Amino acid sequence: MALQQVSCNKIFGGYQKVFSHPSKELACDMKFAIYLPPESETRKVPVLYWLSGLTCTEENFVIKAGAQRYAAEHNICIVCPDTSPRNVNLPGEDDSYDFGSGAGFYLNATQEPWKKHYNMYNYVTKELIALISENFPVVPGKQSICGHSMGGHGALICALKNPGLYSSVSAFAPISNPINAPWGQKAFQGYLGSAESGQWKEWDATELAAVYNGVPMELLIDQGTEDNFYKQKQLLPENLVAAAAKNDRLKCVLQMREGYDHSYFYIASFIGEHIGYHAKFLNA
Ligand SMILES: N[C@@H](CCC(=O)N[C@@H](CSC=O)C(=O)NCC(=O)O)C(=O)O
């Protein structure tokens, strides 16, 4: 697989790099960012996958979250993919911020014309993991996942649909129950067809938590109280907490953060805690 380095910057003793590559799952070229901590020069390190939210590329997290300091401290590699296929010439792909480009929702589309390219779930859980372990000094199979908003939901469904694949999972302000929220309903209608198709529940974290039957798992959810999208009921974390409470294989911890909004100022305030949390599992 042809990996092309787009950029490389030294930061906190490690390297923040961006690569592009042709993706089989998405049938287009994709970019991802990767932070390689100092110790990755001499040994293999574990990986934290970060999934960003609506409108993001691989760049937002890298330049705004301030994660590299903590990744260097804990010697964890962080991989951040773009949030959708790009430039695939589908009608309407760039028309709105919450569907199409920048809004892949980390699922596998089943509807025309999206299904040829919009397979972010397969990309994140299969192709990217294989690509990273084949090309970088990482411990195969030692990975966790985290994300924000649409990407927080992506992290949750990747973990809930693949028991044991990730050592830990956490989410900042995730869209926790998309089938009951306007963002999710619009995206699922477009990518999966009508609610009556019966496919929506397979891609909804709250529905997946209700039927989860894998190894015991903790879901760490973070939420700002002054997040407008939370107030507008786009996020609905309480629904996920309620579903997980009825499933004795899941423990869902919801951390409310007084006064914080939905932005990267909020993420930057708590990313150190989340990386520390994942490091306990990844470096165990
Ligand atoms: N454009 C919209 C909302 C866009 C927005 O807030 N995007 C968030 C993620 S929201 C859920 O997935 C984001 O991360 N933006 C990028 C950033 O760098 O802040 C609007 O303006 O209302």
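Cut-offs and rules
- Residues numbered from 1 in each chain as written.
- Predicted model: local features only at pLDDT ≥ 70, side-chain atom pairs only at ≥ 80, totals over all residues.
- Heavy atoms only, no water.
- Disulfide = S-S within 2.5 Å.
- Buried < 20%, exposed > 50% of the residue type's maximum accessible area, 1.4 Å probe, protein only.
- 1 Å grid on protein atoms, 1.4 Å probe; cavity = no way out; pocket = protein on both sides within 12 Å on 5 of 7 lines; lining within 4 Å.
- Points joined across faces, edges and corners; volume = space filled by probe spheres on them.
- Helix = DSSP H or I, 4+ residues; strand = E, 2+ residues; numbered from the N terminus.
- Nonpolar A, V, L, I, M, F, W, Y, C, P; charged D, E, K, R; others polar.
- Pairing = 2+ DSSP bridges.
- Axes fitted to C-alpha atoms, helices over the stretch in contact; angles between N-to-C directions.
- Contact = heavy atoms within 4.5 Å.
- Salt bridge = Lys/Arg side-chain N within 4 Å of Asp/Glu carboxyl O.
- Near = heavy atom within 4 Å.
- Polar contact = N/O pair within 3.5 Å; in protein donor to acceptor, adjacent residues only side chain to side chain.
- Areas by Shrake-Rupley, 256 points an atom, 1.4 Å probe, with all protein chains shown as cover.
- Sits in = over half its atoms within 2 Å of the grid points.
- UniProt positions renumbered as here; feature names shortened; annotations may be inferred.

**Points about the state of the cysteines**
Phase 1: Inspection of every chain in the model, using the stated rule, returns zero disulfides.
Phase 2: In this structure Cys28 is not part of a disulfide, and its nearest cysteine sulfur, from Cys80, lies 16 Å away.
Phase 3: Free cysteine Cys252: the closest other cysteine sulfur is in Cys146, separated by 14 Å.
Phase 4: Accessibility expressed as a relative area gives 16% for Cys252, which makes it buried.

**Here's the deal with empty space enclosed by the protein**
Phase 1: Throughout the structure, instances matching the rule amount to one cavity of 30 Å³ or more.
Phase 2: By volume, the largest cavity is sized at about 50 Å³.
Phase 3: Considering the residues around the largest cavity, the lining is formed by Gln16, Ala33, Ile34, Tyr35, Phe61, Val62, Ala67, Gln68, Ile78, Val79 and Cys80.
Phase 4: Among the secondary structure elements, those contributing two or more residues to the lining of the largest cavity are strand S3 (28-36), helix H1 (59-64) and strand S5 (77-81).
Phase 5: Classifying every residue of the lining of the largest cavity by side-chain character gives nine nonpolar, two polar and no charged.

**Some words on the sheet that holds strand S6 (residues 138-148)**
Phase 1: Across the sheet, nine strands lie side by side as S1-S2-S3-S5-S4-S6-S7-S8-S9; this open sheet has mixed pairing. Each edge of the open sheet carries a strand with a single partner, namely strand S1 (4-11) and strand S9 (250-257). When strand polarity is set aside, the average angle formed by the axes of neighbouring strands in this sheet is 20 degrees.
Phase 2: Contacts from helix H4 (residues 150-160) reach strand S4 (45-51), S6, strand S7 (169-172), strand S8 (217-224) and S9 within the one sheet, and its direction differs from that of S6 by about 135 degrees.

**Observations concerning the pattern of salt bridges**
Phase 1: Applying the stated rule across the entire model yields eight salt bridges.
Phase 2: Its salt-bridge partner being Arg257, residue Glu273 comes within 2.8 Å of it at the nearest N-O pair. Here Arg257 lies in strand S9 and Glu273 lies in helix H9 (residues 264-282), a separation of 16 residues in the sequence.
Phase 3: The exposure class of Glu273 is partly exposed, given its relative accessible area of 44%.
Phase 4: Beyond isolated ion pairs, a larger network of salt bridges with shared partners links Asp222, Arg257 and Glu273.

**Here we look at the site of the ligand**
Phase 1: Leu54, Asn60, Lys64, Ser149 and Met150 are the nearest of the 14 residues found near the ligand.
Phase 2: Lys64 places a side-chain nitrogen or oxygen 2.6 Å from an oxygen atom of the ligand.
Phase 3: Protein chains bury 71% of the 540 Å² of accessible surface belonging to the ligand in isolation.
Phase 4: Most atoms of the ligand, that is more than half of them, are within 2 Å of grid points of the largest pocket.
Phase 5: Residues that form the shell around the ligand fall into these classes: seven nonpolar, six polar and one charged.

**Description of the layout of surface pockets**
Phase 1: Its boundaries defined by the atoms lining it, the largest pocket holds a volume of some 190 Å³.
Phase 2: Looking at the lining of the largest pocket residue by residue, the classes come out as six nonpolar, seven polar and one charged.
Phase 3: Empty space within the second largest pocket amounts to approximately 170 Å³.
Phase 4: Together, Ser20, Cys28, Asp29, Met30, Lys31, Thr57, Glu58, Asp82, Arg86 and Asn87 line the second largest pocket.
Phase 5: For the lining of the second largest pocket, the residue count by class is two nonpolar, three polar and five charged.

**Here's the deal with the environment of Phe265**
Phase 1: Following the sequence through the fold, Phe265 ends up in helix H9.
Phase 2: Put simply, Phe265 and Lys64 are 201 residues apart on the chain and 7.7 Å apart in space, counted from C-alpha to C-alpha.

**Regarding the UniProt feature "active site" (unreviewed entry) in the protein chain**
Phase 1: Within this structure's numbering, the places UniProt gives as "active site" (unreviewed entry) are Ser149, Asp227 and His262. The greatest C-alpha distance among the residues just named is 10.9 Å, despite their covering 114 residues of sequence, which places them together in space. Lining residues of the largest pocket, restricted to the annotated ones just named, are Ser149 and His262.
Phase 2: The topology assignment puts Asp227 in the loop between S8 and helix H7 (228-231).
Phase 3: The residues touching Asp227, leaving out its near neighbours within four places in the chain, are Ala173, Leu235, Tyr260, Asp261 and His262.
Phase 4: At 3.1 Å, the side chain of Asp227 forms a polar contact with the side chain of Gln223.

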